[in-house]
Amino acid sequence: MTQPRIALVTGANQGIGYALVEELANRMNPEDLVLLTGRNPERVAAAAAQLNHRALRARVEGRVLDVTDEGAVQRLGEELGSVDIVVSNAVGALEPGKTPAEQVDGFVDVANLGAQYILRAFGPRLRAGGRLIVVASSLGTLEQLPEELWGRFDGVALADVEKVVEEWRAAVHDGTAAAQGWPEWINLPSKVAQVAAVRAVAAERREQDLADGTLVASVCPGLVDTRASRPWFDDFSQAKSPKDAVQPIVDLILADHVDPALYGELVRDGKVVAWKPTR
């Protein structure tokens with residue numbers, strides 16, 4: 001008898017996260033558990049109850065988790081002990097019309113610090129053959145930044161990524177970000193930092209993970225019609241629904257074998273999105 005698996009998805013009471021929980025629970029085994037997490041207790045409970053009323057194969061359990069609280073992330077990791085699938089999906093909201101300085105803290109705390117806390121807390125608790133995934137974007141590639149900034153993210157350790165995120169955040173607040181070459185749209189440096197954090201963790205684990213059949217990667221779901229994306233795009237004719245967007249991600253997560261070419265990379269629809277521009 002195989003050991004029951006535990007899957008954890010953050011930012012999961014709506015949108016992509018909710019669809020990920022539903023699809024994982026629909027494809028995993030009856031003895032497995034999928035943890036649907038978010039920071040609003042009422043929304044988490046309602047989302048988990050809604051899924052458990054459907055004919056899904058695995059059980060869904062709601063857990064309150066604020067990914068911006070490093071202590072809470074660590075405590076959940078300690079409580080669970082070992083996990084098989086971890087998907088960091090939580091993202092902060094961005095609103096058109098607000099200045100970068102007005103929203104950088106809320107956005108970075110969730111998207112970047114949250115992902116970093118998940119990587120640090122659950123990376124060491126990932127069972128052999130597990131999956132550690134960060135939902136990012138194809139906007140998280142180096143070509144989104146001026147070339148003089150590439151070295152801040154390329155081939156560095158997780159601690160270096162964390163440091164540059166805080167330096168960039170400070171530059172946004174003190175008005176020096178543009179002079180330092182940072183794009184005005186804070187989603188771009190944030191996504192690059194997410195992908196860089198995954199690459200940093202993967203570089204340290206690669207040899208043992210590939211031997212164990214374990215995957216660490218970031219993923220791009222593409223343009224998805226969600227509450228978070230609606231304010232930023234006018235044409236959604238080519239956008240995916242959350243349900244459709246998560247299909248290739250869950251395919252990647254539940255694949256029997258790990259493709260070494262995908263390990264540590266940003267993956268979209270099963271293919272690598274180049275970290276550096278091709279010359």
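Let's talk about the pattern of salt bridges
1) Next: Considering all chains together, one arrives at 21 salt bridges under this definition.
2) Next: Ionic pairing is found between Glu-79 and Arg-63, a salt bridge with its closest N-O pair at 2.9 Å. On the criterion of sequence distance, the pair formed by Glu-79 in helix H3 (residues 70–80) and Arg-63 in strand S3 (residues 59–64) is long-range, its members being 16 residues apart.
3) Next: Close ionic contact of Glu-167 with Lys-163 constitutes a salt bridge, the shortest N to O distance being 2.5 Å. Here Glu-167 and its partner Lys-163 are both found in helix H5 (residues 158–174), four residues apart, which amounts to about one turn of the helix.
4) Next: We classify Lys-163 as exposed; its relative accessible area is 52%.
5) Next: Overlapping salt bridges bring together Glu-23, Arg-27, Lys-243 and Asp-251 as one network.

Some words on the environment of Thr-214
1) Next: Structurally, Thr-214 is set in the loop between helix H6 (187–212) and strand S6 (215–219).
2) Next: Between the C-alpha atoms of Thr-214 and Leu-132, which are 82 residues apart in sequence, the distance is 8.2 Å.
3) Next: Residues within four places of Thr-214 in sequence aside, it is in contact with Leu-126, Arg-127, Ala-128, Gly-129, Gly-130, Arg-131, Arg-205, Asp-209, Val-258 and Tyr-263.
4) Next: At a separation of 2.8 Å, a polar atom in the side chain of Thr-214 contacts the main-chain amide nitrogen of Gly-129.

Quick word on the pairing of strand S2 (residues 33–38)
1) Next: The buried fraction of S2 amounts to six of the six residues, a majority that puts the element mostly inside the structure.
2) Next: Here strand S1 (residues 6–9) runs beside S2; their pairing, made up of four bridges, is parallel. Across the sheet, residue Ala-7 finds its bridge partner in S2, namely Val-34.
3) Next: The parallel pair S1 and S2 is bridged by helix H1 (residues 15–27), and the resulting crossover is right-handed.
4) Next: When S2 meets S3, the two strands line up parallel, connected through six bridges. Residue pairing across strands places Gly-38 opposite Val-64, the latter belonging to S3.

A short note on the nonpolar core
1) Next: Leu-20, Leu-24, Leu-36, Phe-122 and Phe-153 are the most contacted members of the largest nonpolar core, which has 97 residues in total.
2) Next: Sorting elements by how many residues they give to this core places helix H4 (residues 100–122) first, with twelve residues.
3) Next: If we skip the residues at most four places from it in the chain, Phe-122 touches Leu-8, Val-73, Leu-76, Gly-77, Leu-80, Val-83 and Val-86.

Some remarks on H6
1) Next: Approximately 70 degrees is the largest bend angle found in H6, and it occurs at Arg-206.
2) Next: Phi turns positive one or two residues past the end of H6, at Gly-213, with a value near 75 degrees.

Notes on the packing of H3 against H4
1) Next: Packing of H3 against H4 brings their axes to within 9 Å, and their N-to-C directions diverge by 30 degrees. With respect to each other, H3 and H4 are oriented roughly parallel. Every pair of crossing elements has a handedness; the one defined by H3 and H4 is right-handed. Contacts between H3 and H4 involve Glu-70, Val-73, Gln-74, Leu-76, Gly-77 and Leu-80 from the former and Tyr-117, Ile-118, Arg-120, Ala-121 and Phe-122 from the latter.
2) Next: Each residue belonging to the contact of H3 with H4 can be placed in one class, and the counts come to seven nonpolar, two polar and two charged.

So, how was this worked out
Residues numbered from 1 in each chain as written. Predicted model: local features only at pLDDT ≥ 70, side-chain atom pairs only at ≥ 80, totals over all residues. Heavy atoms only, no water. Salt bridge = Lys/Arg side-chain N within 4 Å of Asp/Glu carboxyl O. Helix = DSSP H or I, 4+ residues; strand = E, 2+ residues; numbered from the N terminus. Buried < 20%, exposed > 50% of the residue type's maximum accessible area, 1.4 Å probe, protein only. Contact = heavy atoms within 4.5 Å. Polar contact = N/O pair within 3.5 Å; in protein donor to acceptor, adjacent residues only side chain to side chain. Pairing = 2+ DSSP bridges. Right-handed = clockwise from strand over helix to strand, strands pointing away. Core = buried A, V, L, I, M, F, W, Y, C linked by side-chain atoms within 4.5 Å. Bend = angle between axes of the 7 residues up to and from the residue. Axes fitted to C-alpha atoms, helices over the stretch in contact; angles between N-to-C directions. Parallel < 35°, antiparallel > 145°, perpendicular 65-115°, else oblique. Left-handed = near helix turned anticlockwise from the far one by under 90°. Nonpolar A, V, L, I, M, F, W, Y, C, P; charged D, E, K, R; others polar.

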